[in-house]
Amino acid sequence: GMSIDRQGFYPASYDFDNIICVGSLDSRERTVASTSNWSSHQVDFLAPGQNQVTRGLKGYFQSMSGTSQATAHITGLAARIWWRAPD
């Protein structure tokens, strides 16, 4: 995890309106997870991303951490917003 304000991290740091930059929260959902990048200007949303229970490739439940886990939450949020206001 690092600040991407000084040194960009791509594609999150591109200045396009169609990019949603997601960071992950720790397991207590109080602070940015140690593995997540952060930014005061570029990260749009933070979501739970540490120790998230998910199904693995063989169908077994497992705990995973990272911004990929947080992105699932924000994808649902984006779909809900688009459904309510498609324009």
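Structural data are supplied above this passage.
Just so you know, the residues in each chain are numbered from 1, in the order the chain's sequence is written. Residue-level local features of this predicted model are given only where pLDDT is at least 70; pairs of side-chain atoms are given and counted only at 80 or more, and the full residue set underlies all totals for whole chains, interfaces and linings. Excluded from the side-chain calculations are hydrogens and water; all other atoms, namely the structure's heavy atoms, are used.

Asker: Before we go on, may I ask you to explain the packing of aromatic side chains in this structure?
Answerer: Each aromatic ring pair is described using two quantities: the centre-to-centre distance and the angle formed by the ring planes. Stacked, tilted and edge-to-face are the three classes applied to pairs of Phe, Tyr and Trp rings, where Trp contributes its six-membered ring and a pair requires centres within 6.5 Å; stacked means planes under 30 degrees apart, edge-to-face means over 60, and tilted covers the rest. Considering all chains together, one arrives at 2 aromatic pairs under this definition. Where Tyr 10 meets Tyr 14, the ring centres are 4.7 Å apart and the plane angle is 55°; that geometry is what we call tilted. Between Tyr 14 and Phe 16, the aromatic rings sit 5.8 Å apart at their centres with planes inclined by 35°, giving tilted as the arrangement. Partly exposed residues are those whose accessible area sits between 20% and 50% of the maximum for their type, while under 20% is buried and over 50% is exposed, using a 1.4 Å probe and protein chains only. Taking the relative accessible area as the measure of exposure, Tyr 14 reaches 43% and is therefore partly exposed. Pairwise contacts between aromatic rings join Tyr 10, Tyr 14 and Phe 16 into one cluster.

Asker: What am I meant to see in the side chain of Asn 37 here?
Answerer: Under the scheme used here, helices are H or I runs from DSSP no shorter than 4 residues and strands are E runs no shorter than 2 residues, and both carry numbers assigned from the N terminus. Within the fold, Asn 37 resides in the loop between β1 (22-25) and β2 (45-48). The buried category is assigned to Asn 37, whose relative accessible area is 19%. Between N or O atoms, a polar contact is any pair within 3.5 Å; within protein, one atom must be a potential hydrogen donor and the other a potential acceptor, and residues adjacent in sequence are included only when both atoms are from side chains. A distance of 3.1 Å separates the side chain of Asn 37 from the backbone nitrogen of Met 2, its partner in a polar contact. Dropping the residues within four chain positions of it, Asn 37 is found in contact with Gly 1, Met 2, Ile 4, Phe 9, Gly 23, Val 32 and Val 43. Residue contacts follow a heavy-atom distance rule, with two residues in contact if any of their heavy atoms lie within 4.5 Å.

Asker: Got a minute to help me understand a nonpolar patch on the surface in this structure?
Answerer: On the surface, Ile 20, Phe 45, Leu 77 and Ile 81 cluster together into a nonpolar patch covering about 330 Å² of accessible area. With respect to the secondary-structure elements, Leu 77 resides in helix α1 (residues 67-84). Here a patch means residues that are over 30% exposed by relative accessible area and free of salt bridges, tied together within 9 Å if like-charged and within 5 Å if nonpolar (Val, Leu, Ile, Met, Phe, Trp, Tyr). Shrake-Rupley sampling with a 1.4 Å probe provides the accessible areas, and residues are treated as covered by the protein chains on show and by no other component. A carboxyl oxygen of Asp or Glu within 4 Å of a side-chain nitrogen of Lys or Arg is what we treat as a salt bridge.

Asker: Explanation requested: the environment of Leu 46 in the structure shown.
Answerer: Structurally, the position occupied by Leu 46 is in strand β2. The class for Leu 46 is partly exposed, based on a relative accessible area of 40%. Separated by 26 residues in sequence, Leu 46 and Ile 20 have C-alpha atoms that sit 11 Å apart. Apart from residues no more than four positions distant in its own chain, Leu 46 is found in contact with Gly 23, Ser 24, Leu 25 and Val 32.

Asker: Would you mind going over the environment of Ile 4 with me for this structure?
Answerer: Among the structural elements, Ile 4 can be located in the segment before β1. You can call Ile 4 buried: its relative accessible area is 1%. Separated by 39 residues in the primary sequence, Ile 4 and Val 43 place their C-alpha atoms 8.8 Å from one another. Not counting residues up to four positions away in its chain, the partners in contact with Ile 4 are Phe 9, Ala 12, Ser 13, Cys 21, Asn 37, Trp 38, Ser 39, Gln 42 and Val 43.

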